[in-house]
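Chain by chain, the residues:
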Amino acid sequence: MKGRSIKKDTIKLTIVQFALEFMNLGANLWLSQKAGSAAVGMIALVGSFFSLASMAAGGSGYLCASRFVSEELGKEKGNPERILRYVMIFSLILGVPGCIIIICFAPFIAEYFFHSSEMTLTVCILGAILPFGGISSCMKGWCNSVCRVKLAAFCDVSEFIVKMTVLVIYILKTGTNDAGSLCTALALSMASGILVSLVILIFDFLTHRMKSNEKVSIGFSNYIKLAMPVILGGCLTSALSTANDALIPVTLRQSGSTAEAALSQFGVFEAIVIPVLFFPTSVLCVLSGILIPEAARAEAGAKKERLQYLTKRSLKFTIYFSFFIAAVFLAFGDDIALIMNDDPLAGKMIKLLAPVVPFIYLEIILEAIIKGTGRQQFSMINYLAEYTVRISAVLLLIPVIGFYGIVVSYYASNIFGNCMRLIKTFKITKLSPDIKELLICPLLGALSAFYLPYTVFHCFGINPFNDLVWSLPYLLVALVIYIFITLVLKESHYNIFKRKFNSFF
């Protein structure tokens with residue numbers, strides 16, 4: 001297996017991920033216009049349900065394959081293909097019974113989770129594709145471990161294109177905007193995308209085998225013991241996220257909204273606000289996917305300095321990146337939302353949630369390091385505490401202050417959960433927290449980058465916040481200033497680390 005260049009792999013996958021996010025955002029906008037926000041809200045609930053079912057019945061195949069195959073590769077002798085076989089067998093052991101249970105209880109799930117008997121067929125289709133989705137996730141995790149990132153990216157693109165093609169053709173041909181019919185079409189489109197991706201992955205695996213006669217480092221029973229905390233952690237996170245999503249429309253109705261209005265508000269939040277906030281995270285999601293196997297390999301090989309280097313570089317990049325994005329959302333949140341939707345609620349929510357963006361983005365990288373080093377129990381407990389805070393805020397505040405209760409829940413849960421993750425990461429890596437590097441420098445950099453050009457523009461009678469023509473030049477100038485400040489504040493010993501690990505990062 002060839003060595004990995006984290007920088008090159010991150011750039012390649014980020015380009016693909018940005019394209020996918022952009023297409024997904026466009027698809028959400030198109031669906032909102034064709035079917036309405038309420039239908040998009042129901043589609044979001046379908047996505048949450050499938051995510052939970054996939055996690056529970058798929059054995060967290062992607063994460064397990066990424067981590068445990070990488071650990072096997074990090075040892076002097078090992079058999080990575082045997083580990084992949086363990087991951088796939090365990091995924092099927094969970095996936096096949098899960099498929100049967102969901103299909104048998106489909107009417108019950110449709111009635112009590114989606115509050116609509118019309119969703120029964122959708123639930124059956126989603127249940128039927130669980131085993132295939134589980135194996136596909138395992139194979140993508142294998143690609144990530146053995147540095148075949150181009151293939152994984154190609155599969156993601158193929159899956160999305162097939163899924164959206166099936167869905168769009170159905171909507172254009174039938175002309176329906178009924179939520180039940182749309183969700184059934186969505187389920188069929190997801191099945192088509194997963195099957196196409198799975199065929200590509202299996203074909204590639206059979207033509208690029210990594211056969212080994214070495215003895216595998218762990219047996220199947222030991223693998224199950226190691227994988228169970230990973231699976232339970234993933235299931236717990238997905239279950240809590242699904243519960244939180246399901247409670248938002250319910251609590252919005254308690255605040256005085258009608259069922260249609262509550263679902264419509266939830267649809268705006270899921271189709272506009274969340275995609276906008278998470279659109280820039282494509283680069284971080286790619287980096288986190290690469291960090292998991294790299295951290296696992298460093299941990300297995302007892303390479304403390306390598307782990308510290310990866311952590312320090314990743315944290316610094318994430319913090320500087322997130323502070324700039326948060327400033328963009330604060331300054332242009334209304335304009336961004338207006339381009340996508342005429343609902344003023346979306347712009348208000350983007351601006352209100354902008355200050356918590358650094359915490360939201362930090363979670364992506366911190367979880368990769370924590371999971372990659374095998375601290376799954378901490379991750380599970382921390383997620384439980386974080387979602388307890390979030391769901392409590394949803395239940396207590398949304399009925400009283402309406403949709404703005406979501407803002408409070410995001411602030412409270414993200415600040416608490418990610419402060420705990422930061423503390424744990426510093427303990428794992430034995431790094432010392434640097435307040436100057438983590439908070440003061442990026443904050444001052446973002447303030448300077450946005451205030452200085454604004455002052456210059458204002459002297460010429462131009463307000464870039466109210467004039468879209470001048471917004472882009474203003475942002476470009478702010479970005480240049482921010483990058484300059486970042487380079488000036490770069491640590492003096494950075495070049496030592498770079499020379500030492502240049503072949504890896």
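Residues numbered from 1 in each chain as written. Predicted model: local features only at pLDDT ≥ 70, side-chain atom pairs only at ≥ 80, totals over all residues. Heavy atoms only, no water.

(A) Representation of the overall build of the protein chain in the model. Counting secondary structure elements, the protein chain contains 20 helices and zero strands. In the protein chain, which comprises 505 residues, the share counted as buried stands at 52%. Across the protein chain, contacts joining residues at least 24 apart in sequence account for 83% of those joining residues at least 6 apart. Just so you have it, the protein chain exposes about 22,400 Å², and 68% of that area is on carbon and sulfur atoms. (Helix = DSSP H or I, 4+ residues; strand = E, 2+ residues; numbered from the N terminus. Buried < 20%, exposed > 50% of the residue type's maximum accessible area, 1.4 Å probe, protein only. Contact = heavy atoms within 4.5 Å. Areas by Shrake-Rupley, 256 points an atom, 1.4 Å probe, with all protein chains shown as cover.)

(B) Representation of the packing of helix α4 (residues 80-104) against helix α6 (residues 120-128) in the model. Closest axis-to-axis distance for the α4/α6 pair is 8 Å, and the angle between their directions is 175°. Judged on the interaxial angle alone, α6 and α4 are roughly antiparallel. Of the residues in α6, those touching α4 at Cys99, Ile102 and Ile103 are Val123, Cys124, Gly127 and Ala128. Of the residues in the contact of α4 with α6, the class split is six nonpolar, one polar and no charged. (Axes fitted to C-alpha atoms, helices over the stretch in contact; angles between N-to-C directions. Parallel < 35°, antiparallel > 145°, perpendicular 65-115°, else oblique. Nonpolar A, V, L, I, M, F, W, Y, C, P; charged D, E, K, R; others polar.)

(C) Quick peek at the packing of aromatic side chains. For the coordinates displayed, the defined rule picks out 16 aromatic pairs. An angle of 25° between the planes, with centres 6.5 Å apart, marks the rings of Phe220 and Tyr223 as stacked. With a gap of three residues between them, Phe220 and Tyr223 both fall in helix α10 (residues 220-254), about one helical turn apart. According to the relative accessible area criterion, Tyr223 is buried, its value standing at 0%. The rings of Tyr320, Phe324, Phe332, Phe450, Phe457, Tyr474 and Tyr482 are connected pair by pair, giving a single aromatic cluster. Over the ring of Tyr410 we find Arg390; its NZ or CZ atom is 4.5 Å from the centre of that ring. (Phe/Tyr/Trp six-rings, centres within 6.5 Å; stacked < 30°, edge-to-face > 60°. Lys NZ or Arg CZ within 6 Å of the ring centre and 35° of its normal.)

(D) How the structure looks around the nonpolar core. Counting residues in each nonpolar core, the largest one holds 132 residues, and the members touching the most others are Phe114, Tyr223, Phe269, Phe329, Met349, Leu353 and Phe450. No other element matches the 15 residues that helix α13 (residues 304-340) contributes to this core. Setting aside residues up to four positions removed in sequence, Phe114 forms contacts with Met42, Leu45, Val46, Phe49, Ile109, Met119 and Val123. (Core = buried A, V, L, I, M, F, W, Y, C linked by side-chain atoms within 4.5 Å.)

(E) Up close: helix α3 (residues 61-74). Taking 1.5 Å as the rise per residue, α3 with 14 residues should run 20 Å; its terminal C-alpha atoms sit 19 Å apart, in good agreement. Of all 14 residues making up α3, 11 are buried, and the element is well covered by its neighbours. (Expected span 1.5 Å × (residues − 1).)

(F) Highlighting the environment of Phe205. Secondary-structure assignment places Phe205 in helix α9 (residues 179-207). A C-alpha to C-alpha distance of 8.8 Å links Phe205 and Cys143, two positions 62 residues apart in sequence. Those residues in contact with Phe205 that lie beyond four places of it in its chain are Glu81, Leu84, Met139 and Trp142.

(G) Looking closely at the packing of α6 against helix α7 (residues 130-145). Taken N-terminus to C-terminus, the directions of α6 and α7 make an angle of 40°; their axes are 5 Å apart at the nearest point. Judged on the interaxial angle alone, α7 and α6 are oblique. Here Leu126, Gly127 and Ala128 of α6 come into contact with α7, specifically with Leu130, Pro131 and Phe132. Looking at the contact of α6 with α7, its residues break down into five nonpolar, one polar and no charged.

(H) Here's a closer look at a nonpolar patch on the surface. Taken together, Ile435, Leu439, Ile440, Leu443, Leu444 and Leu447 make up a surface patch of nonpolar side chains, about 550 Å² in accessible area. Within the fold, Leu443 resides in helix α18 (residues 435-459). Under the relative-accessibility criterion, Leu443 is labelled partly exposed at 38%. (Patch = residues over 30% accessible without salt bridge, like charges linked within 9 Å, V, L, I, M, F, W, Y side chains within 5 Å. Salt bridge = Lys/Arg side-chain N within 4 Å of Asp/Glu carboxyl O.)

(I) Here's a closer look at the pattern of salt bridges. Using the criterion set out here, one finds nine salt bridges in the structure. Here Lys140 and Asp156 are joined by a salt bridge, their closest N and O atoms 3.1 Å apart. Here the residue Lys140 occupies a position in helix α7, and Asp156 occupies one in helix α8 (residues 149-174), the gap between them amounting to 16 residues. With a relative accessible area of 28%, Asp156 lands in the partly exposed category. Between Glu159 and Lys140 there is a salt bridge, with the nearest N and O atoms lying 3.0 Å from each other. A residue pair is termed long-range when its members are at least 10 positions apart, and Glu159 in helix α8 and Lys140 in helix α7 qualify at 19 residues. A single salt-bridge network, built from bridges that share partners, covers Glu363, Glu367, Lys371, Glu386, Arg390 and Arg421.

(J) Spotlight on the confidence of the model for the protein chain. Here the protein chain shows a mean pLDDT of 81. Residues at 70 or above account for 89%. Within the protein chain, the element-level pLDDT minimum falls on helix α20 (residues 494-501), averaging 43, and the maximum on helix α17 (residues 405-429), averaging 91. Segment residues 491-505: pLDDT under 50, and 20 contacts once partners within four positions in sequence are set aside and those in other chains are kept. (pLDDT = per-residue confidence, 0-100.)

(K) Quick peek at the state of the cysteines. All chains considered together, the criterion is met by zero disulfides. Left without a disulfide partner, Cys155 is nearest to the cysteine sulfur of Cys143, which lies 6.4 Å away. Residue classification places Cys155 among the buried positions, given a relative accessible area of 0%. (Disulfide = S-S within 2.5 Å.)

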